Amino acid sequence: MTLEQLRIFVAVAAREHVTQAAGVLNLTQAAVSASIAALETQHGVKLFDRVGRGVALTTAGRQFLPEAQALLARAAAAEAALGDFAGLKRGRVKIHASQTMAGYFLPAVLAGFRKAHPGVEVELAIGNTAQVAQALRAGDAELGFVEGPLDAPDLVVEEVAGERMGLFAPAGHAWGRGGGEMTNSDLRRAEWVFREEGSGTRAAFLAALGERGVDVAALNIVLTLPSNEAVREAVVAGAGVTCLSPMVCASALRAGLLCQGNLLLGLRRFNAVRQKERYASQSAAAFLAAAKSRPGLLSAGLL
């Protein structure tokens, strides 16, 4: 049994699909299938059942998965510990971040970190908040960045910054014509474009609605889309209105493609997340410090 076999097994188990796992691992489908088959043959146990176009873990596979994840995490921790002997002259930190954080918060951090520590390699993967938490638990990431709440007792959650989300509508919409603050009735009458389940942006907006006494079941949700950019462009095209990070909509606002509704929403936190029980490398600690010092947003101390 090799670490590469374990890495392939965990990737297939997480996605329940050989082809998708192969794409993430940058391997061919045949190589992934061969690795799983070799692992099963070596130990005389079946780890997956084929279900339609996908696969599903067998009972043995489900029992083996946490052990494989733990072994990979320990190997990553050992590599990080050895890398720390070189200080920050070389090393690697694997990061998973939600879409808003990866697309709009972290690029400036990555640029500054690269200049300060050119020998440290940063690997960044993108998913929604739920997927970031899963990656940390699986040992696929040492550090995560998400926006909004994350109820996870096994993870350490630390505020790094924050923002006020905004309500946005297509150019020419009534929301952009001034007037008083929007009411709950205005929210219920609107046609909404939402992010998908598991999105931190969606969760933060639903929490804000709850604080105002608005039941999400009363909203007219006309589209649910899997990325910030898809939501923004659908709104620009006139599909409805939305709630997004102002960072996502800034360029469209400047171009006159969107207008903003007059409603002050509560602050939401940008959080760094890591596993409680796992070794934190110097590279990860340095990257976290860089994220905390990123200018241009509300600092955690103002939240």
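Here the residue index of a chain counts from 1 through its sequence in written order. Per-residue local features are limited, in this predicted model, to residues with pLDDT of at least 70; the limit for side-chain atom pairs, both in listing and counting, is 80 or more; totals at the level of whole chains, interfaces and linings are taken over all residues. Calculation of side-chain values draws on the structure's entire complement of heavy atoms; hydrogens and water are dropped beforehand.

**Comments concerning the packing of aromatic side chains**
Reasoning step 1: Any two of the Phe, Tyr and Trp rings considered here, Trp counted by its six-membered ring, make a pair once their centres fall within 6.5 Å; the pair's planes then place it as stacked at under 30 degrees, edge-to-face at over 60, or tilted in between. One pass over the structure, following the stated rule, counts nine aromatic pairs.
Reasoning step 2: Ring geometry for Phe 9 versus Phe 48: centroids 5.5 Å apart, planes at 55°, classification tilted. Here Phe 9, found in helix H1 (residues 3-15), pairs with Phe 48, found in strand E1 (residues 48-51); they are 39 residues apart in sequence, far enough to count as distant. Exposure class is identical for Phe 9 and Phe 48. Each is buried.
Reasoning step 3: Here Phe 113 and Phe 287 contribute two aromatic rings whose centre-to-centre distance is 5.2 Å and whose plane-to-plane angle is 65°, an arrangement assigned as edge-to-face. Of this pair, Phe 113 sits in helix H5 (residues 99-116) while Phe 287 sits in helix H11 (residues 282-292), and the two are 174 residues apart along the sequence.
Reasoning step 4: Partly exposed residues are those whose accessible area sits between 20% and 50% of the maximum for their type, while under 20% is buried and over 50% is exposed, using a 1.4 Å probe and protein chains only. Looking at Phe 287, the relative accessible area reads 0%, which means it is buried.
Reasoning step 5: Site record: aromatic cluster; members linked through ring pairs are Trp 175, Trp 192, Phe 194 and Phe 205. Think of it this way: any DSSP run of H or I at least four residues long counts as a helix, any run of E at least two long counts as a strand, and we number them from the N terminus.

**Some words on the packing of H5 against H11**
Angle between the axes and distance between the axes: these two values describe a pair of packed helices.
Reasoning step 1: Note on geometry: axes are lines fitted to C-alpha atoms, helical ones only across the stretch in contact, with angles between N-to-C directions running from 0 to 180 degrees. Two elements in contact, H5 and H11, have axes whose closest approach is 9 Å; the angle formed by their N-to-C orientations is 120°. Taken as axis vectors, H5 and H11 run oblique relative to one another. The handedness of the crossing between H5 and H11 comes out as right-handed. Within the contact between the two elements, H5 uses Phe 105, Leu 106, Val 109, Leu 110 and Phe 113 and H11 uses Ser 283, Ala 286, Phe 287, Ala 290 and Ala 291. Throughout this description, any angle smaller than 35 degrees is read as roughly parallel, any larger than 145 degrees as roughly antiparallel, any in the 65 to 115 degree range as roughly perpendicular, and the remainder as oblique. Here a crossing is taken to be left-handed if its near helix is turned anticlockwise relative to the far helix by less than a right angle, and right-handed if that turn runs clockwise. In this description, contact between two residues means that some pair of their heavy atoms is separated by no more than 4.5 Å.

**Concerning the sheet that holds strand E11 (residues 258-260)**
Note: strands within a sheet are paired through backbone hydrogen bonds, in either parallel or antiparallel orientation.
Reasoning step 1: Strands pair, by our definition, only if DSSP identifies at least two bridges between them. Read across the sheet, three strands follow the order E10-E7-E11 without closing on themselves; strand pairing throughout is antiparallel. With one partner strand each, in any of the chains shown, strand E10 (242-244) and E11 form the two edges of the open sheet. Looking at each pair of strands side by side, their axes are set apart by 45° on average, direction ignored.
Reasoning step 2: Two elements, strand E7 (residues 166-170) and E11, share three bridges in a ladder whose sense is antiparallel. For Phe 168, the partnering residue across the bridge sits in E11 and is Gln 260.
Reasoning step 3: Helix H9 (residues 228-236) rests against E7, E10 and E11 of the sheet, and its axis sits at about 140° to E10.

**Overview of the environment of Leu 264**
Reasoning step 1: By the element assignment, Leu 264 lies in the loop between E11 and strand E12 (267-275).
Reasoning step 2: On the accessibility criterion, Leu 264 (61% relative accessible area) is exposed.
Reasoning step 3: Sequence-distant contacts of Leu 264, that is, excluding residues within four places in its chain, are made with Arg 164 and Glu 181.

**Quick look at the pattern of salt bridges**
Reasoning step 1: We define a salt bridge as a side-chain nitrogen of Lys or Arg found within 4 Å of a carboxyl oxygen belonging to Asp or Glu. Evaluation of the coordinates by the stated rule reveals eleven salt bridges.
Reasoning step 2: Its salt-bridge partner being Glu 158, residue Lys 292 comes within 2.2 Å of it at the nearest N-O pair. Of the two residues, Lys 292 sits in helix H11 while Glu 158 sits in strand E6 (residues 155-164), which places them 134 residues apart along the sequence.
Reasoning step 3: Using a relative accessible area of 40% as the deciding quantity, one classes Lys 292 as partly exposed.

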